[in-house]
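Reading the structure
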Amino acid sequence: MTGVVRWVVVDAGSFDLQTEAVAFLASLRARGCSPNTERAYAGRVALYLNYCRMRRLDWRTPGFLDLADVQRWLVETPLPPRAGQVRPGPVRYRSRGTANAIMTVVGEFLRFAAVHGWVPASTAGLLSQPKLLRFTPPGYDTGESGQRLQAEAAVFRFKVTEPGYEDLSGEQIRGMIAAAPSARDRFLIALLACTGLRIGEALGLHRDDMHLLASSRTVGCGVEGPHVHVRRRTDNPNRVLAKSRRHRFVPVTADLVALYTDYQYERDDVAEAGESEMVFVNLFRPPLGRAMSYPNAKEMFDRLGRAVGHACRPHMLRHSAATRWLRDGVDRDVVQRLLGHASPLSMEQYRHVDDAEARAAVERVGLLTERP
(Lines give C-alpha, C1' and ligand atoms only; values in the text may rest on other atoms or scores of the structure.)
Protein backbone atom coordinates (compact mmCIF):
# COMPACT_ATOMS: atom_id res chain seq x y z
CA MET A 1 0.00 0.00 0.00
CA THR A 2 2.87 2.38 0.74
CA GLY A 3 4.94 1.31 -2.26
CA VAL A 4 7.91 0.60 0.03
CA VAL A 5 9.49 -2.84 -0.36
CA ARG A 6 10.16 -4.80 2.82
CA TRP A 7 11.41 -8.33 3.36
CA VAL A 8 10.38 -11.07 5.76
CA VAL A 9 11.21 -14.74 6.36
CA VAL A 10 8.33 -17.24 6.27
CA ASP A 11 7.96 -20.96 6.83
CA ALA A 12 8.09 -22.70 3.44
CA GLY A 13 5.26 -25.07 4.38
CA SER A 14 2.80 -23.02 6.41
CA PHE A 15 3.83 -19.52 5.22
CA ASP A 16 3.80 -18.43 8.87
CA LEU A 17 6.19 -15.60 9.68
CA GLN A 18 9.42 -16.65 11.36
CA THR A 19 9.05 -14.24 14.26
CA GLU A 20 12.66 -13.89 15.36
CA ALA A 21 13.95 -13.44 11.81
CA VAL A 22 11.28 -10.85 11.03
CA ALA A 23 12.21 -8.93 14.18
CA PHE A 24 15.88 -9.05 13.13
CA LEU A 25 15.03 -7.60 9.71
CA ALA A 26 12.89 -4.94 11.36
CA SER A 27 15.93 -3.93 13.45
CA LEU A 28 17.88 -3.40 10.21
CA ARG A 29 15.06 -1.18 8.98
CA ALA A 30 15.14 0.82 12.21
CA ARG A 31 18.86 1.42 11.71
CA GLY A 32 18.16 2.86 8.26
CA CYS A 33 19.57 -0.05 6.24
CA SER A 34 18.44 -0.24 2.63
CA PRO A 35 15.88 -2.74 1.27
CA ASN A 36 18.77 -4.34 -0.61
CA THR A 37 20.46 -5.09 2.72
CA GLU A 38 17.19 -6.49 4.06
CA ARG A 39 16.85 -8.74 1.03
CA ALA A 40 20.39 -10.09 1.33
CA TYR A 41 20.12 -10.65 5.09
CA ALA A 42 16.70 -12.29 4.77
CA GLY A 43 18.07 -14.82 2.28
CA ARG A 44 21.09 -15.62 4.45
CA VAL A 45 19.04 -16.08 7.62
CA ALA A 46 16.59 -18.29 5.71
CA LEU A 47 19.51 -20.35 4.43
CA TYR A 48 20.67 -20.97 8.01
CA LEU A 49 17.16 -21.85 9.21
CA ASN A 50 16.68 -24.25 6.29
CA TYR A 51 19.97 -25.94 7.11
CA CYS A 52 18.89 -26.41 10.72
CA ARG A 53 15.55 -27.87 9.68
CA MET A 54 17.22 -30.21 7.19
CA ARG A 55 19.63 -31.46 9.89
CA ARG A 56 16.90 -31.56 12.59
CA LEU A 57 18.91 -29.03 14.56
CA ASP A 58 17.41 -26.43 16.90
CA TRP A 59 18.58 -23.14 15.35
CA ARG A 60 18.58 -21.53 18.81
CA THR A 61 21.13 -23.89 20.36
CA PRO A 62 23.75 -24.92 17.80
CA GLY A 63 26.98 -26.26 19.21
CA PHE A 64 30.46 -25.36 18.07
CA LEU A 65 30.64 -28.35 15.72
CA ASP A 66 27.19 -27.57 14.36
CA LEU A 67 28.23 -24.06 13.34
CA ALA A 68 31.47 -25.41 11.87
CA ASP A 69 29.35 -27.84 9.82
CA VAL A 70 27.23 -24.93 8.54
CA GLN A 71 30.40 -23.14 7.44
CA ARG A 72 31.72 -26.22 5.65
CA TRP A 73 28.32 -27.03 4.10
CA LEU A 74 28.19 -23.57 2.52
CA VAL A 75 31.30 -24.17 0.39
CA GLU A 76 30.83 -27.89 -0.28
CA THR A 77 27.19 -27.87 -1.44
CA PRO A 78 26.65 -27.31 -5.20
CA LEU A 79 24.54 -24.30 -6.09
CA PRO A 80 21.32 -24.80 -8.08
CA PRO A 81 21.31 -23.91 -11.80
CA ARG A 82 20.91 -20.25 -12.65
CA ALA A 83 17.38 -19.04 -13.32
CA GLY A 84 16.47 -19.61 -16.98
CA GLN A 85 19.50 -21.84 -17.62
CA VAL A 86 18.59 -24.38 -20.32
CA ARG A 87 21.80 -26.31 -20.90
CA PRO A 88 23.61 -27.90 -17.95
CA GLY A 89 26.71 -25.95 -17.10
CA PRO A 90 29.67 -26.60 -14.80
CA VAL A 91 28.87 -27.29 -11.17
CA ARG A 92 29.08 -24.08 -9.17
CA TYR A 93 29.99 -23.66 -5.50
CA ARG A 94 29.97 -20.73 -3.14
CA SER A 95 33.31 -19.05 -2.63
CA ARG A 96 34.87 -18.78 0.80
CA GLY A 97 34.24 -15.05 0.70
CA THR A 98 30.53 -15.63 0.14
CA ALA A 99 30.46 -18.18 2.95
CA ASN A 100 32.09 -15.61 5.24
CA ALA A 101 29.41 -13.06 4.36
CA ILE A 102 26.66 -15.57 5.17
CA MET A 103 28.26 -16.61 8.46
CA THR A 104 28.60 -12.93 9.42
CA VAL A 105 24.84 -12.48 9.03
CA VAL A 106 24.14 -15.72 10.92
CA GLY A 107 26.30 -14.40 13.75
CA GLU A 108 24.47 -11.07 13.80
CA PHE A 109 21.13 -12.87 13.84
CA LEU A 110 22.09 -15.14 16.75
CA ARG A 111 23.54 -12.24 18.75
CA PHE A 112 20.38 -10.21 18.16
CA ALA A 113 18.27 -13.16 19.32
CA ALA A 114 20.48 -13.60 22.39
CA VAL A 115 19.97 -9.96 23.39
CA HIS A 116 16.21 -10.56 23.33
CA GLY A 117 16.43 -13.81 25.26
CA TRP A 118 15.50 -16.09 22.35
CA VAL A 119 18.93 -17.67 22.18
CA PRO A 120 21.17 -18.67 25.14
CA ALA A 121 24.10 -16.40 25.84
CA SER A 122 26.34 -19.45 25.53
CA THR A 123 25.40 -19.70 21.83
CA ALA A 124 26.39 -16.09 21.19
CA GLY A 125 29.64 -16.75 23.05
CA LEU A 126 30.65 -19.34 20.43
CA LEU A 127 30.72 -16.76 17.65
CA SER A 128 33.83 -14.80 18.57
CA GLN A 129 37.04 -15.01 20.55
CA PRO A 130 39.64 -12.49 21.75
CA LYS A 131 42.44 -11.78 19.30
CA LEU A 132 45.57 -9.70 19.70
CA LEU A 133 45.93 -7.20 16.87
CA ARG A 134 49.45 -7.60 15.45
CA PHE A 135 48.71 -5.01 12.77
CA THR A 136 46.28 -2.12 13.07
CA PRO A 137 44.67 -0.16 10.25
CA PRO A 138 45.81 3.42 9.63
CA GLY A 139 44.15 5.82 12.06
CA TYR A 140 43.21 3.11 14.58
CA ASP A 141 43.52 4.38 18.17
CA THR A 142 45.13 1.70 20.36
CA GLY A 143 44.80 3.76 23.56
CA GLU A 144 47.50 5.34 25.69
CA SER A 145 48.94 2.00 26.84
CA GLY A 146 47.79 -0.18 23.95
CA GLN A 147 44.77 -1.47 25.82
CA ARG A 148 42.76 -1.60 22.60
CA LEU A 149 45.14 -3.99 20.87
CA GLN A 150 42.77 -6.86 21.69
CA ALA A 151 39.57 -7.27 19.68
CA GLU A 152 36.82 -9.84 19.26
CA ALA A 153 37.42 -11.87 16.11
CA ALA A 154 34.87 -14.03 14.33
CA VAL A 155 35.47 -17.75 14.89
CA PHE A 156 33.62 -19.15 11.89
CA ARG A 157 35.44 -17.35 9.12
CA PHE A 158 37.58 -18.74 6.34
CA LYS A 159 40.92 -17.13 5.63
CA VAL A 160 40.72 -15.68 2.15
CA THR A 161 43.24 -14.03 -0.12
CA GLU A 162 42.94 -10.28 -0.44
CA PRO A 163 40.94 -9.73 -3.64
CA GLY A 164 42.68 -7.98 -6.48
CA TYR A 165 40.97 -4.76 -7.52
CA GLU A 166 40.29 -4.41 -11.21
CA ASP A 167 40.98 -1.06 -12.78
CA LEU A 168 40.07 0.04 -16.26
CA SER A 169 42.58 2.07 -18.24
CA GLY A 170 41.58 5.28 -19.96
CA GLU A 171 41.86 3.48 -23.27
CA GLN A 172 39.48 0.74 -22.09
CA ILE A 173 36.95 3.26 -20.82
CA ARG A 174 37.05 5.18 -24.10
CA GLY A 175 36.58 1.87 -25.91
CA MET A 176 33.50 1.12 -23.79
CA ILE A 177 32.00 4.51 -24.60
CA ALA A 178 32.68 4.02 -28.31
CA ALA A 179 31.11 0.53 -28.25
CA ALA A 180 27.97 1.60 -26.39
CA PRO A 181 25.00 1.45 -28.78
CA SER A 182 23.07 4.45 -27.46
CA ALA A 183 23.62 7.98 -26.17
CA ARG A 184 22.04 6.96 -22.86
CA ASP A 185 24.55 4.17 -22.33
CA ARG A 186 27.48 6.36 -23.38
CA PHE A 187 26.43 8.99 -20.86
CA LEU A 188 26.01 6.42 -18.06
CA ILE A 189 29.49 4.96 -18.64
CA ALA A 190 31.13 8.39 -18.79
CA LEU A 191 29.23 9.59 -15.71
CA LEU A 192 30.45 6.67 -13.59
CA ALA A 193 34.02 6.98 -14.91
CA CYS A 194 34.28 10.76 -14.45
CA THR A 195 32.49 11.18 -11.10
CA GLY A 196 33.08 7.89 -9.29
CA LEU A 197 29.37 7.56 -8.50
CA ARG A 198 28.03 4.20 -7.40
CA ILE A 199 25.60 2.64 -9.85
CA GLY A 200 22.75 3.04 -7.34
CA GLU A 201 23.55 6.75 -7.02
CA ALA A 202 23.54 7.18 -10.79
CA LEU A 203 20.27 5.29 -11.31
CA GLY A 204 18.71 7.32 -8.49
CA LEU A 205 19.46 10.70 -10.08
CA HIS A 206 16.48 12.95 -10.79
CA ARG A 207 16.48 15.44 -13.61
CA ASP A 208 16.54 18.32 -11.15
CA ASP A 209 19.78 16.95 -9.70
CA MET A 210 21.55 17.82 -12.96
CA HIS A 211 22.88 21.36 -12.57
CA LEU A 212 24.90 21.59 -15.75
CA LEU A 213 25.05 25.34 -16.40
CA ALA A 214 27.93 27.62 -15.46
CA SER A 215 25.72 29.01 -12.69
CA SER A 216 22.72 27.37 -11.00
CA ARG A 217 21.63 30.39 -8.97
CA THR A 218 18.38 30.63 -10.95
CA VAL A 219 17.30 27.31 -9.39
CA GLY A 220 18.45 28.31 -5.91
CA CYS A 221 21.80 26.50 -5.92
CA GLY A 222 24.94 28.40 -4.94
CA VAL A 223 27.41 25.84 -6.29
CA GLU A 224 29.40 27.31 -9.15
CA GLY A 225 30.07 25.41 -12.36
CA PRO A 226 28.34 22.34 -13.80
CA HIS A 227 27.77 19.62 -11.18
CA VAL A 228 25.51 16.76 -10.15
CA HIS A 229 23.74 16.45 -6.79
CA VAL A 230 23.69 13.01 -5.14
CA ARG A 231 20.81 12.58 -2.69
CA ARG A 232 19.59 9.60 -0.73
CA ARG A 233 15.90 9.01 -1.51
CA THR A 234 13.76 6.14 -0.26
CA ASP A 235 10.92 6.60 -2.74
CA ASN A 236 12.63 6.11 -6.10
CA PRO A 237 10.32 4.19 -8.48
CA ASN A 238 13.16 1.80 -9.43
CA ARG A 239 13.86 1.14 -5.71
CA VAL A 240 17.50 2.16 -5.92
CA LEU A 241 19.02 3.76 -2.86
CA ALA A 242 22.17 5.84 -2.51
CA LYS A 243 24.46 4.14 0.02
CA SER A 244 25.71 7.36 1.56
CA ARG A 245 23.24 9.19 3.78
CA ARG A 246 24.99 12.49 3.21
CA HIS A 247 23.95 14.75 0.37
CA ARG A 248 26.90 15.78 -1.78
CA PHE A 249 27.58 17.34 -5.15
CA VAL A 250 30.18 16.22 -7.68
CA PRO A 251 31.59 18.60 -10.34
CA VAL A 252 31.38 17.43 -13.95
CA THR A 253 33.27 18.36 -17.11
CA ALA A 254 32.14 19.98 -20.34
CA ASP A 255 32.61 16.65 -22.15
CA LEU A 256 30.13 15.00 -19.78
CA VAL A 257 27.65 17.84 -20.27
CA ALA A 258 27.90 17.29 -24.05
CA LEU A 259 27.14 13.57 -23.64
CA TYR A 260 24.14 14.41 -21.46
CA THR A 261 22.87 16.78 -24.17
CA ASP A 262 23.15 13.98 -26.75
CA TYR A 263 21.19 11.72 -24.41
CA GLN A 264 18.42 14.33 -24.04
CA TYR A 265 17.95 14.44 -27.82
CA GLU A 266 17.65 10.64 -27.86
CA ARG A 267 15.28 10.67 -24.89
CA ASP A 268 13.01 13.31 -26.45
CA ASP A 269 12.15 10.85 -29.23
CA VAL A 270 10.39 8.59 -26.68
CA ALA A 271 7.19 10.29 -25.57
CA GLU A 272 6.78 8.11 -22.49
CA ALA A 273 10.18 9.22 -21.16
CA GLY A 274 8.93 12.78 -20.80
CA GLU A 275 6.67 11.70 -17.95
CA SER A 276 9.53 10.47 -15.74
CA GLU A 277 11.54 12.62 -13.37
CA MET A 278 14.37 10.08 -13.36
CA VAL A 279 17.51 10.70 -15.44
CA PHE A 280 17.98 7.12 -16.66
CA VAL A 281 14.89 5.50 -18.18
CA ASN A 282 14.00 2.67 -20.57
CA LEU A 283 14.10 3.89 -24.15
CA PHE A 284 14.29 0.76 -26.27
CA ARG A 285 12.11 -1.91 -24.65
CA PRO A 286 8.85 -1.76 -22.74
CA PRO A 287 7.90 -0.49 -20.34
CA LEU A 288 9.15 2.63 -22.12
CA GLY A 289 9.85 5.60 -19.88
CA ARG A 290 10.15 3.54 -16.71
CA ALA A 291 13.16 4.24 -14.49
CA MET A 292 16.18 2.10 -15.34
CA SER A 293 16.72 -0.63 -12.72
CA TYR A 294 19.71 -2.56 -11.39
CA PRO A 295 18.92 -5.59 -13.64
CA ASN A 296 18.63 -3.28 -16.67
CA ALA A 297 22.04 -1.79 -15.94
CA LYS A 298 23.64 -5.18 -15.30
CA GLU A 299 22.32 -6.53 -18.59
CA MET A 300 23.68 -3.48 -20.40
CA PHE A 301 27.16 -3.85 -18.88
CA ASP A 302 27.17 -7.61 -19.54
CA ARG A 303 26.42 -6.99 -23.24
CA LEU A 304 29.08 -4.31 -23.35
CA GLY A 305 31.64 -6.62 -21.77
CA ARG A 306 31.05 -9.21 -24.48
CA ALA A 307 31.38 -6.52 -27.16
CA VAL A 308 34.70 -5.10 -25.92
CA GLY A 309 36.19 -8.41 -24.79
CA HIS A 310 36.89 -7.60 -21.15
CA ALA A 311 34.98 -7.32 -17.89
CA CYS A 312 33.31 -3.97 -17.36
CA ARG A 313 31.22 -3.66 -14.24
CA PRO A 314 29.91 -0.36 -12.84
CA HIS A 315 32.02 -0.51 -9.69
CA MET A 316 35.17 -0.94 -11.79
CA LEU A 317 34.52 2.55 -13.19
CA ARG A 318 34.15 3.99 -9.68
CA HIS A 319 37.34 2.26 -8.56
CA SER A 320 39.19 3.49 -11.65
CA ALA A 321 38.13 7.09 -11.00
CA ALA A 322 39.33 6.94 -7.37
CA THR A 323 42.64 5.31 -8.28
CA ARG A 324 43.26 7.83 -11.07
CA TRP A 325 42.63 10.77 -8.73
CA LEU A 326 45.00 9.42 -6.09
CA ARG A 327 47.75 8.65 -8.61
CA ASP A 328 47.41 12.17 -10.00
CA GLY A 329 48.09 13.59 -6.54
CA VAL A 330 44.56 14.69 -5.58
CA ASP A 331 44.35 15.10 -1.80
CA ARG A 332 42.83 12.05 -0.07
CA ASP A 333 40.27 14.23 1.74
CA VAL A 334 39.05 15.57 -1.60
CA VAL A 335 38.76 12.06 -3.05
CA GLN A 336 36.93 10.89 0.06
CA ARG A 337 34.43 13.73 -0.33
CA LEU A 338 33.93 13.07 -4.04
CA LEU A 339 33.26 9.37 -3.41
CA GLY A 340 30.93 10.01 -0.46
CA HIS A 341 32.86 7.89 2.05
CA ALA A 342 32.18 8.64 5.72
CA SER A 343 35.46 7.11 6.97
CA PRO A 344 38.97 7.82 5.70
CA LEU A 345 39.75 4.11 6.23
CA SER A 346 37.53 3.37 3.23
CA MET A 347 40.14 5.00 1.03
CA GLU A 348 42.70 2.23 1.61
CA GLN A 349 41.16 -0.04 -1.02
CA TYR A 350 41.74 2.43 -3.85
CA ARG A 351 45.47 3.15 -3.62
CA HIS A 352 47.49 0.21 -4.87
CA VAL A 353 50.81 0.30 -6.65
CA ASP A 354 50.97 -0.78 -10.28
CA ASP A 355 53.94 -2.44 -11.99
CA ALA A 356 55.19 0.77 -13.59
CA GLU A 357 55.26 2.62 -10.27
CA ALA A 358 57.13 -0.24 -8.59
CA ARG A 359 59.76 -0.37 -11.35
CA ALA A 360 60.20 3.42 -11.35
CA ALA A 361 60.74 3.40 -7.57
CA VAL A 362 63.45 0.71 -7.79
CA GLU A 363 65.23 2.43 -10.68
CA ARG A 364 65.30 5.74 -8.78
CA VAL A 365 67.39 4.20 -5.97
CA GLY A 366 69.42 1.69 -7.99
CA LEU A 367 72.84 1.20 -6.38
CA LEU A 368 74.67 -0.21 -9.39
CA THR A 369 74.09 2.77 -11.65
CA GLU A 370 76.09 5.92 -11.05
CA ARG A 371 73.77 8.85 -10.71
CA PRO A 372 74.78 12.27 -12.02
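Look a little higher up for the structure.
Just so you know, the residues in each chain are numbered from 1, in the order the chain's sequence is written. The predicted nature of this model means local features are confined to residues of pLDDT at least 70 and side-chain atom pairs, given and counted, to a pLDDT of 80 or more, with totals for whole chains, interfaces and linings taken over all residues. Water and hydrogen atoms were dropped before computing side-chain values, which therefore reflect all heavy atoms in the structure.

A closer look at the pattern of salt bridges
Where charged atoms from two side chains of opposite charge come close, those side chains can pair. Definition in use: Salt bridge, as used here, is a side-chain nitrogen of Lys or Arg placed within 4 Å of a carboxyl oxygen of Asp or Glu. To qualify as a helix, a DSSP run of H or I must reach at least 4 residues; to qualify as a strand, a run of E must reach at least 2; elements of each kind are numbered from the N terminus.
All chains considered together, the criterion is met by 16 salt bridges. Between R217 and E224 there is a salt bridge, and its shortest N-O distance comes to 3.0 Å. The partner of R285 in a salt bridge is E299, and the shortest N-O contact between them spans 2.9 Å. Of the two residues, R285 sits in the loop between α9 (254–268) and α10 (294–308) while E299 sits in helix α10, which places them 14 residues apart along the sequence. Each of R6, R29 and E38 takes part in salt bridges that share partners, so that together they form one network.

Topic: the nonpolar core
For the record, the criterion: What we call a nonpolar core is a set of buried Ala, Val, Leu, Ile, Met, Phe, Trp, Tyr and Cys residues that are connected through their side-chain atoms within 4.5 Å. Only protein chains enter the accessibility calculation, which uses a 1.4 Å probe; a residue is then buried when its area is under 20% of its type maximum, exposed when over 50%, and partly exposed in between. Note on contacts: a residue pair is in contact if any heavy atoms of the two residues lie within 4.5 Å.
If you look at the biggest cluster of nonpolar residues, it comprises 52 residues, and the most contacted ones within it are F187, L188, F280 and L317. Of all the secondary structure elements, the ones that give two or more residues to this core are α6 (170–179), α7 (183–195), α8 (199–203), β4 (227–230), α9, α10, α11 (314–327) and α12 (332–339). Top contributing element to this core by residue count: α7, with eight residues. Residues in contact with L188, not counting those within four places in the same chain, are I199, A202, F280, M292, M300 and F301. Counting 35 residues, the second-largest nonpolar core is a separate cluster that includes V9, A21, A68 and F109.

Details of α11
To keep things clear, this is the line we draw: To estimate how far a helix should extend, the number of its residues minus one is multiplied by 1.5 Å.
Its 14 residues place the ends of α11 20 Å apart at the C-alpha level, agreeing with the 20 Å of an ideal helix rising 1.5 Å per residue. For α11, the buried fraction is high: eleven of the 14 residues fall into the buried class. Restricting attention to buried positions, one finds in α11 the residues P314, M316, L317, R318, H319, S320, A321, A322, T323, W325 and L326. In this structure, the buried side of α11 is in contact with α6, α7, α8, β5 (248–251), α10 and α12. Directly beyond the C-terminal end of α11, a positive phi value near 90 degrees is found at G329.

Observations concerning the sheet that holds β4
Heads up, the condition is: In this scheme, strands are said to pair when DSSP sees at least two bridges between them.
Read across the sheet, three strands follow the order β3-β4-β5 without closing on themselves; strand pairing throughout is antiparallel. The sheet is open, and its two borders are formed by β3 (210–211) and β5, each paired with just one other strand. One ladder, built from four bridges, connects β4 with β5; its direction is antiparallel. Considered in β5, the bridge of H227 is made with P251.

Examining the packing of aromatic side chains
Note the threshold: By convention, a stacked pair of Phe, Tyr or Trp rings (six-membered ring in the case of Trp) has centres within 6.5 Å and planes under 30 degrees apart, an edge-to-face pair has planes over 60 apart, and any other such pair is tilted.
Counting across every chain of the model gives twelve aromatic pairs. Judged by centre distance (5.6 Å) and plane angle (55 degrees), the rings of F24 and F112 are tilted. Of the two residues, F24 sits in helix α1 (residues 19–30) while F112 sits in helix α4 (residues 96–115), which places them 88 residues apart along the sequence. Residue F24 is classed as buried on the basis of its relative accessible area of 2%. Look at F112 and you get buried, because its relative accessible area is 16%. Between the aromatic rings of F187 and F280, the centroid separation amounts to 5.6 Å while the plane-to-plane angle is 25 degrees, which identifies the pairing as stacked. With F187 in helix α7 and F280 in the loop between α9 and α10, the pair connects residues that are 93 residues apart, well separated along the chain. A single burial state applies to F187 and to F280, both of which are buried.

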